[in-house]
Amino acid sequence: MSRSGGGSGRQQPEAASAAMPVPGPCASTHRALAECHRRASRGPLQPEVLCRHLNRALAECVVTMCCPEQTDAVRTLCGSSGTALKRTQCERARIDLSLCLEAHQEE
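These numbers come from a predicted model, not from an experiment.

Caption draft 1: Structural detail: the nonpolar core. One finds Val22, Cys26, Leu33, Cys36, Ala40, Cys51, Leu54 and Leu58 forming the largest nonpolar core, which totals 8 residues. Sort the elements by how many residues they give to this core and helix H2 (residues 27-40) lands first, with 3 residues. Formed by 7 residues, the second largest nonpolar core is a distinct cluster that contains Cys67, Val74, Cys90 and Ala93.

Caption draft 2: Region of interest: the packing of H2 against helix H4 (residues 52-66). Contact geometry of H2 with H4 gives a least axis separation of 9 Å together with a crossing angle of 155°. Looking at the two axes, H2 sits roughly antiparallel to H4. Here the hand of the crossing between H2 and H4 comes out left-handed. The segment H2 lies against H4, with Thr29, His30, Ala32, Leu33 and Cys36 engaging Leu54, Asn55, Ala57 and Leu58. For the contact of H2 with H4, the class distribution of residues is 6 nonpolar, 3 polar and no charged.

Caption draft 3: Main features of the side chain of threonine 29. Structurally, the position occupied by threonine 29 is in helix H2. You can call threonine 29 buried: its relative accessible area is 17%. In this view, threonine 29 contacts Leu54, Ala57 and Leu58; residues no more than four positions away in its chain are not counted.

Caption draft 4: Representation of the confidence of the model for the protein chain in the model. On average, residues of the protein chain score 81 in pLDDT, and 80% of them are at 70 or above. The low-confidence segment residues 1-18, where pLDDT is below 50, has 13 contacts with residues more than four positions distant or belonging to other chains.

Caption draft 5: Structural view of the state of the cysteines. For the structure on display, the rule yields 4 disulfides. Disulfide partner of cysteine 36: cysteine 51, at an S-S distance of 2.0 Å. Across the S-S bond linking cysteine 36 and cysteine 51, the dihedral sits near -100°, which makes this disulfide left-handed. Placement of the pair is cysteine 36 in helix H2 and cysteine 51 in the loop between helix H3 (47-50) and H4, with a sequence separation of 15 residues. Assigned by exposure class, cysteine 36 and cysteine 51 land together as buried. Two residues share a disulfide in this structure: cysteine 67 and cysteine 100, whose sulfurs sit 2.0 Å from each other. In this structure, the disulfide formed by cysteine 67 and cysteine 100 twists by about -95° around the S-S bond and is classed as left-handed. Of this pair, cysteine 67 sits in the loop between H4 and helix H5 (68-78) while cysteine 100 sits in helix H6 (residues 84-104); the two residues are 33 residues apart in sequence, bridging distant segments of the chain.

The rules behind each value
- Residues numbered from 1 in each chain as written.
- Predicted model: local features only at pLDDT ≥ 70, side-chain atom pairs only at ≥ 80, totals over all residues.
- Heavy atoms only, no water.
- Core = buried A, V, L, I, M, F, W, Y, C linked by side-chain atoms within 4.5 Å.
- Buried < 20%, exposed > 50% of the residue type's maximum accessible area, 1.4 Å probe, protein only.
- Helix = DSSP H or I, 4+ residues; strand = E, 2+ residues; numbered from the N terminus.
- Axes fitted to C-alpha atoms, helices over the stretch in contact; angles between N-to-C directions.
- Parallel < 35°, antiparallel > 145°, perpendicular 65-115°, else oblique.
- Left-handed = near helix turned anticlockwise from the far one by under 90°.
- Contact = heavy atoms within 4.5 Å.
- Nonpolar A, V, L, I, M, F, W, Y, C, P; charged D, E, K, R; others polar.
- pLDDT = per-residue confidence, 0-100.
- Disulfide = S-S within 2.5 Å.

Structure, rendered in structure tokens:
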């Protein structure tokens, strides 16, 4: 299945290059993602398909960098099913992570 978007997916590498640079430990993953998008733009497959693993890795890196305690809590509490208490704790950890990320967003 493909999404109809008028080919806007091919314009993302330019948009990504205009984005704010990613500092610290995520910088190398960001560079690899930008390079993947650049290479993918020359091929038949969409960058979203070819670069999915790098996109996810960058997202996880940035989230962990911004909210390390909350990310660790979600990984610990939500990694497997468990008791009703663990499910409640997992839900609370996800809310805490969401609130932390919201606090880091630019307005």
